[in-house]
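Architecture at a glance
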Amino acid sequence: MGGLSTGDRLSPGAARQPAELRVAVLGGDGVGPEVTATAMQVLAAAVGDEGVGLRLDDRPVGWTAVLEEGSPLPDQTLRACIDADAVFLGAVGHPDAHGQPRELLPETGLLALRKALDCWANLRPVRVPPPLVGASALRAERVRGTDVMILRELGGGLYYGEPRGEADGRAFNTMVYGEDEVRRMAALALALARGRRKRVTSVDKANVLEVSRLWRRVVDRTAAEEGEDIEVDHMLVDRAAMELVLNPTRFDVLLTENLFGDILSDQAGALVGSLGALGSASLGEGTDLYEPVHGSAPDIAGKGIANPLGAIDSVALMLRHTFQMDVAADRVEAACTAALADGVRTVDLAEPGQEPASTTEFMDAVLERMDGNVREPAEAMPGGVR
Ligand code: IPM
Ligand code: MN
């Protein structure tokens with residue numbers, strides 16, 4: 001799979017679906033393995049119902065991998081990811097890693113993986129499903145109907161820019177983007193918007209940064225060339241942070257660079273009531289990578305109370321974007337919404353009077369609701385291929 005070209009990836013049915021899907025599974029640190037285990041059960045159920053085989057290949061990453069193999073991204077893990085049809089990653093990050101040299105930080109493993117797989121586009125859909133309107137940090141009338149696709153550039157900017165380093169009591173990083181990197185993002189944003197509400201808001205800091213001024217120019221040029229049918233506007237990142245809270249429903253596709261997207265997507269988590277609820281897809285030239293937006297949450301790791309919704313949502317994204325299994329993706333999403341509507345909530349989303357579900361109780365509720373919804377075999381894609 002892999003090989004994101006805005007033309008084919010986003011048109012359903014363009015990719016071929018193999019008879020057996022090979023997924024590299026990197027649980028990682030903290031709550032990562034817990035939410036990953038539940039997400040993989042949901043994935044297995046979803047593809048099993050379509051008559052498609054699934055082979056999971058578990059590999060260490062992050063601090064767990066440092067302890068086991070001395071590197072946050074061991075060669076064998078990377079090899080398994082490159083060879084897989086898709087990669088699922090739980091979370092990386094551990095308090096014990098603080099103060100370690102950069103090459104031993106769990107986050108370094110994740111950044112190296114994104115780079116090695118050349119995942120340059122990160123899709124972070126933020127929807128507030130009707131049952132969760134009351135759990136939002138915002139008033140119901142403000143948040144109802146929120147449906148933003150945050151499109152975060154993932155392969156450049158301050159995360160990877162050179163020079164970087166520390167010397168003589170100073171530290172420095174470089175924010176750098178080339179026109180090509182912006183152009184492919186802009187083209188993807190336009191293509192995504194075309195299947196949605198036909199609106200792109202490109203977020204930058206063009207009143208201060210040269211990089212942003214280039215970003216804005218290239219977005220405008222791309223829009224003029226291939227986005228006549230899409231409404232494109234620009235917004236400074238500070239204002240965007242405010243608008244996301246004051247008026248979240250005004251956004252359709254929110255296009256931005258790496259660090260701004262990192263920050264705004266956590267903020268968007270508050271719209272849904274919990275960062276635990278958001279999933280993401282990282283797409284590019286190599287294997288596609290799927291990860292919940294949340295971190296490793298060491299404070300609740302091992303307690304069995306983490307919200308698996310973001311991980312399960314990432315599975316739905318995997319089914320949709322890599323495997324072109326839209327029906328299976330819809331079923332997973334519908335089962336999650338139904339569970340939430342029935343009041344099944346992990347502790348981060350439970351409302352007063354609701355008994356919080358554990359991670360696996362939430363998963364069971366999702367699996368049950370998928371069961372009630374299995375399609376007749378005759379309707380399934382023949383041989384799992386279309
Ligand atoms: C995310 C995370 C990562 C990032 C960290 C863990 C390196 O915060 O996926 O949003 O900053 O990209
Ligand atoms: Mn983040």
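As the structure is a computational prediction, the values presented were derived from the model and not from experiment. (Residues numbered from 1 in each chain as written. Chains lettered and ligands numbered in written order. Predicted model: local features only at pLDDT ≥ 70, side-chain atom pairs only at ≥ 80, totals over all residues. Heavy atoms only, no water.)

**Comments concerning the overall build of the protein chain**
Let me state the cut-off plainly: Going along the chain from the N terminus, every DSSP run of H or I of four or more residues is numbered as a helix, and every run of E of two or more is numbered as a strand. C-alpha atoms define the radius of gyration in this analysis, and the globule rule sets the expected value at 2.2 Å times the number of residues to the power 0.38. Exposure categories follow from relative accessible area, calculated using a 1.4 Å probe and restricted to protein chains: below 20% of the type maximum is buried, above 50% is exposed, and the middle band is partly exposed.
The helix and strand inventory of the protein chain stands at 13 helices and 12 strands. Taken against the 2.2 N^0.38 rule, which gives 21 Å for 386 residues, the C-alpha radius of gyration of the protein chain at 20 Å falls within 12% of a compact globule. Dimensions of the protein chain, computed from C-alpha atoms along their principal axes, come out at roughly 55 × 50 × 45 Å. Burial statistics for the protein chain: of 386 residues in total, 53% are counted as buried.

**Comments concerning the nonpolar core**
Operational definition: Buried residues of nine kinds, namely Ala, Val, Leu, Ile, Met, Phe, Trp, Tyr and Cys, make up a nonpolar core once their side-chain atoms join them within 4.5 Å. Throughout, a contact is declared for two residues whenever any of their heavy atoms are within 4.5 Å.
Counting residues in each nonpolar core, the largest one holds 92 residues, and the members touching the most others are Phe-88, Leu-123, Leu-151, Leu-255, Leu-319 and Val-366. Residues contacting Leu-151, with those up to four places away along its chain left out, are Ala-121, Asn-122, Leu-123, Met-185, Leu-188, Ala-189, Leu-192, Val-253, Leu-254, Leu-255 and Thr-256. If you look at the next biggest cluster of nonpolar residues, it comprises 15 residues, including Leu-89, Val-92, Leu-113 and Cys-119.

**Some points on the site of ligand 1**
Spelled out, the test is: Each residue is tested against the molecule or strand, and it is near if at least one of its non-hydrogen atoms lies within 4 Å. Definition of a polar contact: a pair of N or O atoms within 3.5 Å, with one able to donate and the other able to accept a hydrogen when the atoms are protein atoms, and with sequence-neighbouring residues admitted only if both atoms are side-chain atoms. With residues, only the protein chains shown are counted as cover, and all accessible areas are computed by Shrake-Rupley using a 1.4 Å probe. For this scheme, ten residues count as nonpolar: Ala, Val, Leu, Ile, Met, Phe, Trp, Tyr, Cys and Pro. Four count as charged, namely Asp, Glu, Lys and Arg, and the remainder, Gly too, count as polar.
Taken together, the neighbourhood of ligand 1 is formed by Glu-107, Arg-114, Arg-124, Arg-152, Tyr-159 and Asp-262. Within the side chain of Arg-114, one N or O atom sits 2.7 Å away from an oxygen atom of ligand 1. In this structure, an oxygen atom belonging to ligand 1 sits 2.9 Å away from a side-chain N or O atom of Arg-124. For ligand 1, whose free accessible area comes to 320 Å², the fraction covered by protein is 80%. When its residues are assigned to classes, the shell around ligand 1 shows one nonpolar, no polar and five charged.

**Structural notes on the pattern of salt bridges**
Threshold: Salt bridge, as used here: a side-chain nitrogen of Lys or Arg that lies within 4 Å of a carboxyl oxygen of Asp or Glu.
In this structure the tally under the stated criterion is 30 salt bridges. Here Arg-331 ties to Asp-49 by a salt bridge, and the two come within 2.8 Å at their closest N and O atoms. Note that Arg-331 is positioned in helix H12 (residues 326-341) and Asp-49 in the loop between helix H2 (32-48) and strand E2 (53-58), a separation of 282 residues in sequence. The exposure class assigned to Arg-331 is buried, which follows from its relative accessible area of 5%.

**Overview of the sheet that holds strand E9 (residues 231-236)**
What counts here: Two strands are counted as paired when DSSP detects at least two bridges linking them. Inter-axis angles, ranging from 0 to 180 degrees, are taken between N-to-C directions of lines fitted to C-alpha atoms, where helices are fitted over the stretch in contact.
Taken in spatial order, the 10 strands make up an open sheet running E2-E1-E3-E12-E11-E4-E5-E10-E8-E9, and their pairing is mixed. Each edge of the open sheet carries a strand with a single partner, namely E2 and E9. Pairs of neighbouring strands in the sheet enclose a mean axial angle of 25°, with direction left out of account. Relative to strand E10 (residues 253-256), strand E5 (residues 147-153) runs parallel, the two being bridged by four bridges. Across the sheet, residue Leu-151 finds its bridge partner in E10, namely Leu-255. The strands touched by H2 within the sheet are strand E1 (20-28), E2 and strand E3 (86-91), with E1 carrying the most contacts at an inclination of about 165°. Contacts from helix H7 (residues 179-194) reach strand E4 (119-127), E5, strand E8 (199-204), E9 and E10 within the one sheet, and its direction differs from that of E5 by about 165°.

**Topic: H2**
Because an α-helix packs 3.6 residues into every turn, residues spaced three or four apart end up facing the same way. Using the following cut-off: Any helix carries an expected span of 1.5 Å times its number of residues minus one.
For H2, spanning 17 residues, the distance from its first C-alpha to its last is 24 Å, which sits close to the expected 24 Å at 1.5 Å a residue. Where H2 is concerned, the buried positions are Gly-32, Glu-34, Val-35, Thr-36, Thr-38, Ala-39, Met-40, Val-42, Leu-43, Ala-46 and Val-47. If you follow the buried residues of H2, they end up packed against E1, E2, E3, helix H11 (309-321), H12 and helix H13 (359-371).

**Quick notes on the side chain of Arg-152**
Along the chain, Arg-152 falls in strand E5. Look at Arg-152 and you get buried, because its relative accessible area is 1%. Reaching out from Arg-152, the side chain makes a polar contact with the side chain of Tyr-159 at a distance of 3.2 Å. The contacts of Arg-152, once residues within four sequence positions are left out, are Arg-114, Trp-120, Ala-121, Asn-122, Arg-124, Tyr-159, Met-185, Thr-256, Glu-257, Asn-258, Gly-261 and Asp-262.

**Points about the environment of Asn-307**
Relative to the helices and strands, Asn-307 is located in the loop between strand E12 (288-292) and H11. Note on Asn-307: relative accessible area 5%, which makes it buried. Along the chain, Asn-307 and Leu-111 lie 196 residues apart, while their C-alpha atoms are 24 Å from each other. Apart from the residues lying within four places of it in its own chain, the contact partners of Asn-307 are Val-35, Ser-274, Gly-276, Ala-277, His-294, Thr-346, Asp-348 and Leu-349. Reaching out from Asn-307, the side chain makes a polar contact with the side chain of Thr-346 at a distance of 3.4 Å.

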